Amino acid sequence: MVSTAPLKTSKSEAIFTAAQDLMPGGVSSPVRAFKSVGGQPIVFDHVKGAYIWDVDGNQYIDYVGTWGPAICGHAHPEVLQALAAALEKGTSFGAPCQLENVLAEMVIDAVPSIEMVRFVNSGTEACMSVLRLMRAFTGRDKIIKFEGCYHGHADMFLVQAGSGVATLGLPDSPGVPKATTATTLTAPYNDLAAVKALLEENPGEIAGVILEPVVGNSGFITPDPGFLEGLRELTQQHDALLVFDEVMTGFRIAYGGAQAKFGITPDLTTLGKIIGGGLPVGAYGGRKDIMSMIAPAGPVYQAGTLSGNPLAMTAGIKTLEILKRPGTYEQLESTTKTLSDGLLAVARETGHAACGGSISAMFGLFFTEGPVHNFEDAKQSDLNKFSRFHRGMLEQGVYLAPSQYEAGFTSLAHTAADIEQTLAAARTVMATL
Ligand code: HOZ
């Protein structure tokens with residue numbers, strides 16, 4: 001049972017104050033700085049299962065899960081054991097290792113679109129590499145992305161981006177040359193007519209369409225019925241590629257990702273987070289004829305010293321082995337639905353306009369009547385209320401993503417008692433908002 005005693009955060013505050021002189025904003029990645037929810041971030045000491053402990057000794061039920069990788073629960077004993085054995089063999093090879101084959105086969109078996117895969121070190125790297133490949137394969141420069149979708153921080157994607165960009169209200173970043181984003185066209189999510197218009201206005205010029213098949217970077221937004229099917233048809237009609245960014249949804253929405261769940265097979269897919277089991281990893285893959293263009297098989301250059309790192313491969317392999325066991329996705333679905341339905345019920349009982357939902361181990365809650373179909377709808381959420389909710393939940397021992405524009409994540413380690421305690425906390429907090 002996580003304690004709900006008043007938070008003592010003096011050590012967190014001292015460490016974060018010192019950090020602000022050492023690192024921009026005191027952090028290594030923006031959203032975790034709590035800028036949009038106010039207050040200082042808590043500084044973690046250790047994590048285990050569904051829980052986090054901060055440096056002041058406070059314990060929290062965690063719904064961030066290190067932004068996605070911790071789907072089996074933090075520091076899963078089997079993952080730690082596999083890593084301990086792998087460590088004995090060294091931390092980095094910079095040369096082929098059999099573990100890459102093992103994880104590649106697991107990914108190819110699981111994800112319908114992937115016939116061949118390249119491992120990289122982050123989701124950002126996967127997306128920037130896939131974009132080069134899209135352009136090389138089609139001989140076209142323009143791409144279509146969706147408002148509020150986030151595909152990492154490469155220049156070409158910093159247009160109407162979600163996640164930290166939306167959280168901090170930075171629609172365009174200084175330092176990105178106009179020429180770099182001139183070929184990035186945007187459409188509202190779930191708006192097939194807008195995509196059709198862009199394809200027709202730019203005949204023979206669009207390399208492809210990239211999207212989060214279920215959005216997690218402007219809050220949790222699901223594709224309307226027919227949207228993914230429509231994108232598949234439109235891209236085929238215009239000889240453009242369809243790319244699913246499954247960095248968040250891969251092995252989370254289903255073992256085979258959103259593409260398995262919805263039965264739509266893109267040409268290319270990007271992955272990250274879960275396939276590294278908590279170590280830095282990313283991957284992109286897809287049709288063999290397209291992937292064969294990557295160097296050294298083909299002329300499209302992309303490389304990395306730590307790519308295919310044996311520790312990351314080991315943690316990824318063990319994580320996928322655990323996820324593949326019978327009943328895991330049923331358990332994730334049921335845990336998350338109980339949480340999501342419960343949060344909505346509590347919001348209604350306490351008189352708040354709210355909407356949201358869940359699929360498998362991913363969920364979201366907006367403080368607006370909704371429905372939320374796209375980023376514009378998401379922006380109608382009461383951000384001030386979300387901030388107070390976030391702080392209240394923290395004080396009740398529940399750690400939520402410190403931004404309205406991030407999805408929530410559950411894990412196999414979350415118990416019925418954790419969910420019950422979270423809903424009791426939400427009832428207490430929402431009654432005060
Ligand atoms: N971009 C990630 C969230 N979608 C990570 C955020 C962070 O660590 O600050």
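Notes on the structure in this doc start here. (Residues numbered from 1 in each chain as written. Predicted model: local features only at pLDDT ≥ 70, side-chain atom pairs only at ≥ 80, totals over all residues. Heavy atoms only, no water.)

## Some words on the site of the ligand
- In the neighbourhood of the ligand, the contacting residues comprise Ser29, Pro30, Val31, Arg32, Trp67, Tyr150, Ser163, Asn217, Met248 and Glu406.
- For the ligand, an oxygen atom lies 3.0 Å from a polar atom in the side chain of serine 29.
- Taking glutamate 406, its side chain carries an N or O atom lying 2.9 Å from a nitrogen atom of the ligand.
- Across the complex, the protein chains shield 89% of the 290 Å² of accessible surface that the ligand would expose by itself.
- Residues belonging to the shell around the ligand are distributed by class as follows: 5 nonpolar, 3 polar and 2 charged. (Near = heavy atom within 4 Å. Polar contact = N/O pair within 3.5 Å; in protein donor to acceptor, adjacent residues only side chain to side chain. Areas by Shrake-Rupley, 256 points an atom, 1.4 Å probe, with all protein chains shown as cover. Nonpolar A, V, L, I, M, F, W, Y, C, P; charged D, E, K, R; others polar.)

## With respect to the sheet that holds strand E14 (residues 408-409)
- Reading across the sheet, the 3 strands line up as E11-E12-E14 and stay open at both edges, with antiparallel pairing between neighbours. Across the chains shown, the open sheet's two edge strands, defined by having one partner strand only, are strand E11 (355-359) and E14. (Pairing = 2+ DSSP bridges. Helix = DSSP H or I, 4+ residues; strand = E, 2+ residues; numbered from the N terminus.)

## Details of the packing of aromatic side chains
- Applying the stated criterion across every chain yields a total of 12 aromatic pairs.
- Here tyrosine 255 and tyrosine 329 contribute two aromatic rings whose centre-to-centre distance is 6.4 Å and whose plane-to-plane angle is 75°, an arrangement assigned as edge-to-face. With tyrosine 255 in the loop between strand E8 (241-245) and helix H9 (257-262) and tyrosine 329 in helix H12 (residues 328-349), this pair connects stretches of sequence that are 74 residues apart. The same class applies to tyrosine 255 as to tyrosine 329, namely buried.
- Every member of this aromatic cluster is reached through a ring pair, and the members are Phe34, Phe44, Tyr60 and Tyr399. (Phe/Tyr/Trp six-rings, centres within 6.5 Å; stacked < 30°, edge-to-face > 60°. Buried < 20%, exposed > 50% of the residue type's maximum accessible area, 1.4 Å probe, protein only.)

## Thoughts on the pattern of salt bridges
- Inspection of the entire model under this criterion finds 10 salt bridges.
- For glutamate 376, the salt bridge identified is with lysine 379, shortest N-O distance 3.0 Å.
- Each member of the salt-bridge network shares a partner with another, and the members are Arg232, Asp267, Arg287 and Asp289. (Salt bridge = Lys/Arg side-chain N within 4 Å of Asp/Glu carboxyl O.)

## Here's the deal with the pairing of strand E3 (residues 59-62)
- Pairing of strand E2 (residues 51-54) with E3 involves 3 bridges; the strand directions are antiparallel. Bridge pairing links tyrosine 51 to isoleucine 61 in E3.

## Re the side chain of threonine 319
- Mapped onto the secondary structure, threonine 319 falls in helix H11 (residues 310-323).
- Using a relative accessible area of 2% as the deciding quantity, one classes threonine 319 as buried.
- Those residues within four positions of threonine 319 in sequence are excluded, and the remaining contacts are Ile71, Cys72, Val79, Ile274 and Gly277. (Contact = heavy atoms within 4.5 Å.)

## Some thoughts on the packing of helix H7 (residues 192-201) against helix H8 (residues 227-237)
- Here H7 crosses H8 at 10°, and the two axes come no closer than 10 Å. Between H7 and H8, the crossing angle belongs to the class labelled roughly parallel. In contact with Leu192, Val195, Lys196 and Leu199 of H7, H8 contributes Phe227, Gly230, Leu231 and Leu234.
- The residue makeup of the contact of H7 with H8, split by class, is 6 nonpolar, 1 polar and 1 charged. (Axes fitted to C-alpha atoms, helices over the stretch in contact; angles between N-to-C directions. Parallel < 35°, antiparallel > 145°, perpendicular 65-115°, else oblique.)

## A word on the sheet that holds strand E10 (residues 282-286)
- Judged by pairing direction, the sheet is mixed, and its 7 strands sit side by side in the order E4-E10-E9-E8-E7-E5-E6 without closing on themselves. The sheet is open, and its two edges are formed by strand E4 (116-120) and strand E6 (184-187), each paired on a single side. Neighbour to neighbour, the strand axes of the sheet diverge by 20° on average, direction disregarded.
- Where E8 lies against strand E9 (residues 268-272), 3 bridges are found, and the strand directions are parallel.

## Details of H7
- The set of residues buried in H7 consists of Ala194, Val195, Leu198 and Leu199. Burial along H7 is one-sided: seen end-on, the buried residues are contained in an arc of 135°. Turned more than 90 degrees off the buried face of H7, the exposed positions are Ala193 and Glu201.
- At its buried positions, H7 is contacted by strand E5 (142-146), E6, strand E7 (206-211) and H8.
- For H7, the side-chain oxygen to backbone nitrogen distance between the N-cap and alanine 193 is 3.3 Å, and the N-cap itself is aspartate 191. (Arc of directions from axis to C-beta.)

## Overview of H8
- Residues Phe227, Leu228, Gly230, Leu231, Arg232, Leu234 and Thr235 constitute the buried set of H8.
- Next to the buried residues of H8 lie E5, H7, E7, E8 and H9.

## Things to note about unusual backbone geometry
- Put simply, alanine 295 and proline 296 share a cis peptide bond, and its omega is 10°.
- Within the secondary structure layout, proline 296 lies in the loop between helix H10 (288-291) and H11.
- In this model, threonine 66 sits at a positive phi of 50°, which is unusual for a non-glycine residue.
- If you trace the backbone, threonine 66 turns up in the loop between E3 and helix H2 (77-87).
- Its identity as a non-glycine residue notwithstanding, alanine 75 has a phi of 50°, on the positive side.
- Considering the arrangement of structural elements, one finds alanine 75 in the loop between E3 and H2.

## Side note on the pairing of strand E1 (residues 44-48)
- Note: E1 against E2, 4 bridges, orientation antiparallel. Pairing of valine 47 across the sheet is with isoleucine 52, part of E2.
- Adjacent in sequence and paired antiparallel, E1 and E2 are bridged by 2 residues, among which glycine 49 carries a positive phi angle near 60°.

## Some points on the packing of helix H14 (residues 383-395) against helix H15 (residues 416-430)
- Here H14 crosses H15 at 130°, and the two axes come no closer than 9 Å. When the axes of H14 and H15 are compared, the pair comes out oblique. Every pair of crossing elements has a handedness; the one defined by H14 and H15 is right-handed. Note on element contacts: H15 touches H14 through Thr422, Ala425, Ala426, Val429 and Met430, opposite Arg388, Phe389, Gly392 and Met393.
- Class assignment of the residues belonging to the contact of H14 with H15 gives a composition of 6 nonpolar, 2 polar and 1 charged. (Left-handed = near helix turned anticlockwise from the far one by under 90°.)

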